[in-house]
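# Summary of structural features
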Amino acid sequence: MADPTQDPNELPAFARGIAGPLGKLTCDAKTKIDEVTHELWLQHCAQRGQDTAGVLRDCIYALVHGKTYRQMVVEKINHDDKRIDALAQLIGPFWGPESGGHGR
């Protein structure tokens, strides 16, 4: 189950080399654009509150997969959470010793 204290609009940050919904993010996507478009691009990213890499990643994933990278991350988190909850219902609550006995 999701953490109720966490902002639902806040997504986890993934760095290069960290596994995303389809595997590790290891391939660079680069291009050149003109200065006017670049300035508009920077404004667009700032308005979204994201860095240029995150917005570009979302654009590429939306073009190729029909949904943004951020949408895919949320779907994976929700799927994993439901799978863990279903497993907990089958075998009962489980947790590690580091959780102090307060698990699912």
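Our subject is the structure listed above.
Residues numbered from 1 in each chain as written. Predicted model: local features only at pLDDT ≥ 70, side-chain atom pairs only at ≥ 80, totals over all residues. Heavy atoms only, no water.

### A short note on helix 2 (residues 52-65)
- Along its 14 residues, helix 2 runs 19 Å from first to last C-alpha, staying within 8% of the 20 Å computed at 1.5 Å per residue.
- Taken residue by residue, helix 2 has Gly54, Val55, Asp58 and Tyr61 as its buried positions. With its buried residues spanning 130° around the axis, helix 2 presents them on a single face. Structural note: helix 2 exposes Leu63 and Val64 on the side pointing more than 90 degrees away from its buried face.
- Where helix 2 is buried, its residues touch helix 1 (35-48) and helix 3 (69-91). (Helix = DSSP H or I, 4+ residues; strand = E, 2+ residues; numbered from the N terminus. Expected span 1.5 Å × (residues − 1). Buried < 20%, exposed > 50% of the residue type's maximum accessible area, 1.4 Å probe, protein only. Arc of directions from axis to C-beta. Contact = heavy atoms within 4.5 Å.)

### Some remarks on the pattern of salt bridges
- Under the defined criterion, the tally for this structure stands at three salt bridges.
- Glu75 is the partner of Lys67 in a salt bridge, and the nearest nitrogen-oxygen pair spans 2.9 Å.
- Judged by relative accessible area, Glu75 falls into the partly exposed class, the value being 40%.
- Each of Arg48, Asp58 and Arg70 takes part in one network of salt bridges that share partners. (Salt bridge = Lys/Arg side-chain N within 4 Å of Asp/Glu carboxyl O.)

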